[in-house]
Amino acid sequence: MKKLSYLALGLSALTLTACNNANETASADEFSGPSRPECIAPAKPGGGFDLTCKLAQAGLRDTGILTDPMRVTYMPGGVGAVAYNKIVANDRSNEDAIVAFSTGSILNLSQGKFGKFTEKDVKWLAGVGTDYGAIAVNADSPIKDLAGLVAELKSNPKAVSFAAGGSVGGQDWMQTAILAKAVGVSPSDMTYVAMEGGGEAITAVMGNHVTVVSAGIAEIMPQATAGKLRVLAVFAEERLGGSMAEIPTAIEQGYDVDWPVVRGYYMGPDVSPAAYDWWKASFDKMLADPKFAELREQQELLPFSMTGEELEAYVYKRTGELRELSAEYGLVDAAAK
């Protein structure tokens, strides 16, 4: 009987331990939402990353998904490199933070500009909208249209200065390089002024410090609507709608330049499956809500809804395509990494 009692006691203890472990596991697998929701914009205020974070901030709030306010944290440096390295190297399991990305981020990854890290080192969360590259001049500029800019470029490419967020090889440089190549001008002959974000570049052209700003159309539109910038061309296959309906495409003006800019978010690589699933489900819900569609339109963005594995597959494919494009434009060393 004693042996039986000891056995029963042991089994009871084992059962209790198992139950406790099960409870701990269940607790670890639960995630009811971020305690301090944060969106990291990898640039200074005023550019596309800022716009992307504020879109999530407003969208998650207005659709009732987040009751606590989402803060926006600015982390400039390397046009996304500093933020990417922080999340991957030092903040891998941060379940409260999402980080804004764009096609420019994917381009930089394709060229090895984020150091030793690749597109496979984070969890891609959601793509929520797309805009297109565009170029604009000061509203008082003597350059009235794309043909006028092309004439200036052909006459003296060094005399035309382009300001943009990012270095040579970046997204905003790439769209001007494609334009230059289309009109028979070597991209290396252009004067390119690299800045930390589209906001700074727009300010520079409004102050007449540079000739042209190259950025996303969504970044440019607030100042264009205010009458401070003249948009020469949008790099879309066909004209956009709404307030952008009067802006001609480069293609319709005879120059084959098309540059879509996807905007979205990623998270750290060690975020728990439960937390990642919560964020993914939240973005799926937000993207399906008409309130978010209105917010996106107000930001001059077009529909693009992709989350989870579908977005991951898109990013991996697009990174490969941009590696090939980077090699074509002489960025071989960067693209080979």
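Overview of the structure.

Quick notes on the rules
Residues numbered from 1 in each chain as written. Predicted model: local features only at pLDDT ≥ 70, side-chain atom pairs only at ≥ 80, totals over all residues. Heavy atoms only, no water. Phe/Tyr/Trp six-rings, centres within 6.5 Å; stacked < 30°, edge-to-face > 60°. Lys NZ or Arg CZ within 6 Å of the ring centre and 35° of its normal. Helix = DSSP H or I, 4+ residues; strand = E, 2+ residues; numbered from the N terminus. Polar contact = N/O pair within 3.5 Å; in protein donor to acceptor, adjacent residues only side chain to side chain. Contact = heavy atoms within 4.5 Å. Core = buried A, V, L, I, M, F, W, Y, C linked by side-chain atoms within 4.5 Å. Buried < 20%, exposed > 50% of the residue type's maximum accessible area, 1.4 Å probe, protein only. Expected span 1.5 Å × (residues − 1). Pairing = 2+ DSSP bridges. Salt bridge = Lys/Arg side-chain N within 4 Å of Asp/Glu carboxyl O. 1 Å grid on protein atoms, 1.4 Å probe; cavity = no way out; pocket = protein on both sides within 12 Å on 5 of 7 lines; lining within 4 Å. Points joined across faces, edges and corners; volume = space filled by probe spheres on them. Nonpolar A, V, L, I, M, F, W, Y, C, P; charged D, E, K, R; others polar. Arc of directions from axis to C-beta.

Observations concerning the packing of aromatic side chains
In the structure shown here, the tally under the stated rule is nine aromatic pairs. Joined through ring pairs, the aromatic side chains of F31, Y265, W278, W279 and F283 make up one cluster. For the cation-ring pair, K181 lies above Y329, with the distance from its terminal atom to the ring centre recorded as 4.8 Å. Positioned above the aromatic ring of W259, the side-chain terminus of R318 is 5.9 Å from the ring centre.

With respect to the side chain of E300
You can see E300 is positioned in the loop between α10 (290-298) and β10 (306-307). In terms of polar contacts, E300 uses its side chain to reach the side chain of S243, at 2.9 Å. Those residues in contact with E300 that sit more than four places away from it in its chain are D131, A218, M221, S243 and M244.

Considering the nonpolar core
Across soluble globular proteins, nonpolar side chains show a tendency to be buried alongside one another. Judged by nonpolar contacts, the single largest core of 56 residues is most densely connected at Y84, W124, L146, L149, M174, W259 and Y266. At six residues, helix α6 (residues 171-182) tops the list of elements feeding residues into this core. In this structure, W124 is in contact with Y84, F101, L109, E119, Y265, Y266, Y276, G308, L311, E312, V315 and Y316, ignoring residues within four places of it in sequence.

So, unusual backbone geometry
The phi torsion at N208 lies on the positive side, around 60 degrees, for a residue other than glycine. Looking at where N208 falls in the secondary structure, it is placed in the loop between α7 (198-206) and β7 (212-216). Located in the positive-phi region is E300, a residue other than glycine, with phi close to 65 degrees. Residue class for E300 comes out buried when judged on its relative accessible area of 17%.

A look at helix α2 (residues 48-62)
The end-to-end C-alpha distance of α2 is 21 Å, a good match for the 21 Å that 15 residues give at a rise of 1.5 Å each. Across the 15 residues of α2, eleven count as buried, placing the element largely inside the fold. All of the buried residues in α2 are G48, F49, D50, L51, T52, C53, L55, A56, A58, G59 and L60. Of the residues trailing α2, G64 is marked for its positive phi of about 80 degrees.

Thoughts on the pairing of strand β4 (residues 123-138)
Within β4, 15 of the 16 residues are buried, which leaves the element mostly enclosed by the surrounding structure. Pairing of β4 with strand β9 (residues 260-267) involves eight bridges; the strand directions are antiparallel. The residue bridging Y132 from the neighbouring strand is P260, located in β9. Pairing analysis gives five bridges linking β4 to strand β8 (residues 229-234), with the strands arranged antiparallel. Pairing of V137 across the sheet is with R230, part of β8.

A word on the pattern of salt bridges
Tallying each qualifying case throughout the model produces 14 salt bridges. R71 is paired through a salt bridge with E38; the nearest N and O atoms lie 3.6 Å apart. Here R71 is found in strand β2 (residues 71-74), whereas its partner E38 is found in strand β1 (residues 38-41), with 33 residues between them in sequence. For R71, a relative accessible area of 37% puts it in the partly exposed group. By relative accessible area, which is 9% here, E38 ends up buried. Among the ionic pairs, D131 bridges to R263, the shortest N-O distance being 3.3 Å. With D131 in strand β4 and R263 in strand β9, this pair connects stretches of sequence that are 132 residues apart. R263 matches D131 in its accessibility class, with the two residues each being buried. One salt-bridge network, held together by shared partners, links D131, E219 and R263.

A closer look at the layout of surface pockets
The method is simple in principle: a probe with the dimensions of a water molecule rolls over the atoms, and the space it marks as empty is what remains. Its boundaries defined by the atoms lining it, the largest pocket holds a volume of some 270 Å³. Residue lining of the largest pocket: 22 residues in total, with F49, V79, S102, G165 and D172 positioned closest to the centre. Listed by contribution, the elements that provide at least two residues to the lining of the largest pocket are α2, α4 (103-110) and α6. Each residue belonging to the lining of the largest pocket can be placed in one class, and the counts come to three nonpolar, 14 polar and five charged. Looking at the second largest pocket, its volume works out to about 210 Å³. Lining the second largest pocket are 16 residues, with G46, G47, A218, E219 and P222 sitting closest to its centre. Secondary structure elements with two or more residues in the lining of the second largest pocket: α2, α7 and α8 (217-225).

Some words on helix α11 (residues 308-328)
For an α-helix, the turn length of 3.6 residues means that residues three or four places apart are oriented alike. With 21 residues, α11 extends 31 Å between its outermost C-alpha atoms, agreeing within 8% with the 30 Å of an ideal straight helix rising 1.5 Å per residue. Residues of α11 that are buried: G308, L311, V315, R318, T319, L322, L325 and S326. Buried residues of α11, seen end-on, are gathered within an arc of 130 degrees and therefore sit on one face of the element. Exposed residues on α11 whose side chains face more than 90 degrees from its buried face are E309, E310, K317, E324 and E328. Phi for G330, located one or two positions after α11, is positive at around 80 degrees.

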